[in-house]
Amino acid sequence: KVLTGNLSYQDYVGTKEIQLVSSIAGGKLNGDLTIDAPKSDFLIGENVTVLGNTTIINVKENTFYNDGTLNTVDVRDNDGFSFVNNGKGAVTTLSINTTGNVTLTGKLDSVEVNQAAKITVTASSDLTNLDVKVENVVLTAPTNTVKTMKTSPGVIVKDATGTTVVIAPSGGGTTPPPVQPPTVNVKALMDAYEVDQKAFIASNYSDNVVLYEKGFELYTKRETLGTELATATLTDAELARLTSLNKTLADYLVVRLADQIKAIAPTVGANEIELATNLGLGVKINWSSSHPNIISTDGVITRPSTATEVTLTANVSLDSVSKTFTYKVIVQP
């Protein structure tokens, strides 16, 4: 009735099914059970109680069935594993220590996940407590199959689509968490940005190096402000203020930096003409040509049969603010 000692099953040939059963009620293994049978099914009979730990190194995929009473079950099977806890089966704790695919079926009181496994809970399952201790666990579980889920600090569980998984407050199932927008002090952010912007414009730096250095600092703050406000729901008034602040900066930068294009006016080379497209600080230049067959908008020159005057137009812009310059170039044959 009681077998004392550790029991190990090793079968690499492929017995169709290995069974640990007892012909009488109350059969016990007073020791640990280890199973390494990658080509075999395995069944624990209903009259069997394993008092020690059960370690599953490998079984044939989807073929571990429990009708008995097990203490701690240590799952290490990496090439696909399914644990089916039948109606009379009982397990104190199922410990998942594999990164493979794990399918759970039946009633389980406690499941702990210690490695980044891909876990599927079937619709007929009933998991009382799921304890996830590591990152990168993928969980698929229908509604009303998992009662509670605990995670270690910083651990986030996701489903196969990458959606964060939480357990529904009503008890059971996995649902995407409600999206809670972070609290953003919109007025304080805009106030700080406006102070910096006014100081920059008032300084009106004459040195171009300083202009770009200070302008880059402010432009970075503008981009950061946009990122922070993207998580908030702005009122119409707040949107209008943000638009006004951005336009004020754009007006100033386009006028100031547009002057720089005069210093880089297009000069005809042998086969191409250099057309600047970026003045920095978000200010762009878009070119058009009166004779794109002679000077294309990317500066490629095709020599005409006779000397031809080509008008190049530079549209300097930031956001919705723009300024236009034109240049006349004579292209010789």
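Residues numbered from 1 in each chain as written. Predicted model: local features only at pLDDT ≥ 70, side-chain atom pairs only at ≥ 80, totals over all residues. Heavy atoms only, no water.

### What about the overall build of the chain?
Rule in force here: Working definition: helices are DSSP H or I runs of at least four residues, strands are E runs of at least two. Numbering for both runs from the N terminus. Three exposure classes are used, based on accessible area relative to the maximum for each residue type with a 1.4 Å probe and protein chains only: buried under 20%, partly exposed in between, and exposed over 50%. What makes two residues a contact is simply this: any of their non-hydrogen atoms within 4.5 Å. Using a 1.4 Å probe, the Shrake-Rupley method yields the accessible areas, and only the shown protein chains count as cover for residues.
What the chain contains, in helices and strands, is four helices and 23 strands. Within the chain, the proportion of its 333 residues that are buried is 40%. Expressed as a percentage of contacts within the chain between residues at least 6 apart in sequence, the contacts between residues at least 24 apart total 36%. In the form shown here, the chain has an accessible surface area of approximately 17,300 Å², with 52% of it arising from carbon and sulfur atoms.

### Examining the packing of aromatic side chains
Going by this rule: Two rings from Phe, Tyr or Trp (for Trp, the six-membered ring) form a pair when their centres sit within 6.5 Å of each other. Planes less than 30 degrees apart are called stacked, planes more than 60 degrees apart edge-to-face, and all others tilted.
A full pass over the atoms with the stated rule returns eight aromatic pairs. Relative to Phe-64, the ring of Phe-42 has its centre 5.7 Å away and its plane inclined at 5°; by these criteria the two rings are stacked. Of the two residues, Phe-42 sits in strand 6 (residues 41-44) while Phe-64 sits in strand 9 (residues 64-66), which places them 22 residues apart along the sequence. In this structure, Phe-42 and Phe-64 share a single accessibility class: buried. Judged by centre distance (6.0 Å) and plane angle (45°), the ring pair of Phe-200 and Tyr-205 falls under tilted. Given the relative accessible area of 4%, Phe-200 is considered buried. Residue Tyr-205 is classed as partly exposed on the basis of its relative accessible area, which comes to 21%.

### What to know about the packing of helix 1 (residues 186-203) against helix 3 (residues 236-258)
Put simply, the rule is: As a rule, the C-alpha atoms of each element are fitted with a line to give its axis, helices using only the stretch in contact, and angles between N-to-C directions run from 0 to 180 degrees. Any angle that falls under 35 degrees is termed roughly parallel, while one over 145 is termed roughly antiparallel, one within 65 to 115 roughly perpendicular, and all others oblique. For any helix crossing, the convention is left-handed if the near helix is rotated counterclockwise from the far helix by under a right angle, and right-handed if that rotation is clockwise. Amino acids outside the nonpolar list (Ala, Val, Leu, Ile, Met, Phe, Trp, Tyr, Cys, Pro) and the charged list (Asp, Glu, Lys, Arg) are all regarded as polar, and Gly is one of them.
Two numbers describe how helix 1 lies on helix 3: the axes approach to 11 Å, and their chain directions differ by 20°. The orientation of helix 1 with respect to helix 3, classified from their angle, is roughly parallel. Of the two elements, helix 1 crosses helix 3, and the hand of that crossing is left-handed. In this structure, helix 1 contributes Val-186, Lys-187, Met-190, Asp-191, Tyr-193, Glu-194, Gln-197, Phe-200 and Ile-201 to the contact, and helix 3 contributes Glu-238, Arg-241, Leu-242, Leu-245, Asn-246, Thr-248, Leu-249, Tyr-252 and Leu-253. A breakdown of the residues in the contact of helix 1 with helix 3 according to their chemical character gives ten nonpolar, three polar and five charged.

### Brief notes about the pairing of strand 22 (residues 308-318)
The criterion, for reference: Pairing between strands requires that DSSP locate at least two bridges from one strand to the other.
With six bridges connecting them, strand 21 (residues 283-289) and strand 22 associate as antiparallel partners. Across the sheet, residue Lys-284 finds its bridge partner in strand 22, namely Ser-317. In the sheet, strand 22 pairs with strand 23 (residues 321-331) via eleven bridges, with the strands oriented antiparallel. Directly across from Val-316, in strand 23, lies its bridge partner Lys-323. Counting the residues that bridge the hairpin from strand 22 to strand 23 gives two residues, and of these Asp-319 lies at a positive phi of roughly 55°.

### Some remarks on the sheet that holds strand 20 (residues 278-280)
Strand order in the open sheet formed by four strands is 20-21-22-23, and the pairing between neighbours is antiparallel. Edge positions in the sheet fall to strand 20 and strand 23, since each of these pairs with one other strand and no more. Between one strand axis and the next, the sheet turns through 20° on average, direction left out of account. Bridge count between strand 20 and strand 21: two bridges; the pairing is antiparallel. If you follow Gly-280 over to strand 21, its bridge partner there is Val-283. On top of the sheet, helix 3 reaches strand 20, strand 21, strand 22 and strand 23; it is set at about 20° to strand 23, its chief contact.

### Details of the side chain of Ser-82
Summarising the element assignment, Ser-82 is placed in strand 11 (residues 81-85). Among the residues examined, Ser-82 registers a relative accessible area of 5% and is labelled buried.

### Overview of the pattern of salt bridges
This is how the line gets drawn: Salt bridge criterion: a side-chain nitrogen from Lys or Arg within 4 Å of a carboxyl oxygen from Asp or Glu.
Counting across every chain of the model gives 13 salt bridges. In this structure, the salt-bridge partner of Glu-223 is Arg-222, at a minimum N-O distance of 3.4 Å. Under the relative-accessibility criterion, Arg-222 is labelled buried at 9%. Here Lys-247 makes a salt bridge to Asp-251, at a shortest N to O gap of 3.0 Å.

### Side note on the confidence of the model for the chain
The line we're drawing: Think of pLDDT as the predictor's per-residue confidence, scored from 0 to 100.
Predicted confidence across the chain gives a mean pLDDT of 84, with 89% of residues reaching 70 or more. In this model, residues 169-179 is a region of pLDDT below 50 whose contacts with residues beyond four sequence positions or in other chains number 34 contacts.

### Comments concerning the environment of Thr-54
Its location among the elements puts Thr-54 in strand 8 (residues 54-59). Residue class for Thr-54 comes out buried when judged on its relative accessible area of 0%. Once the C-alpha coordinates of Thr-54 and Val-73 are considered, the two residues, 19 residues apart in sequence, prove to be 4.7 Å apart. Discounting chain neighbours no more than four positions away, the residues touching Thr-54 are Leu-33, Ile-35, Leu-70, Thr-72, Val-73 and Asp-74.

### Focus on helix 1
For the α-helix, the turn length of 3.6 residues means that residues three or four positions removed from each other point alike. Rules: Helix span, as expected, comes to 1.5 Å for every residue beyond the first. The arc refers to the directions leading from the helix axis to the C-beta atoms.
Helix length check: helix 1, at 18 residues, gives a terminal C-alpha distance of 26 Å against a target of 26 Å (1.5 Å per residue), a fit within 8%. Residues of helix 1 that are buried include every one of Val-186, Met-190, Tyr-193, Gln-197 and Phe-200, and no others. Taken down its axis, helix 1 places every buried residue within 90° of arc, on the same side. Seen from the open side of helix 1, the exposed residues pointing more than 90 degrees away from its buried face are Lys-187, Val-195, Lys-198 and Ala-202. Of the residues trailing helix 1, Asn-204 is marked for its positive phi of about 45°.

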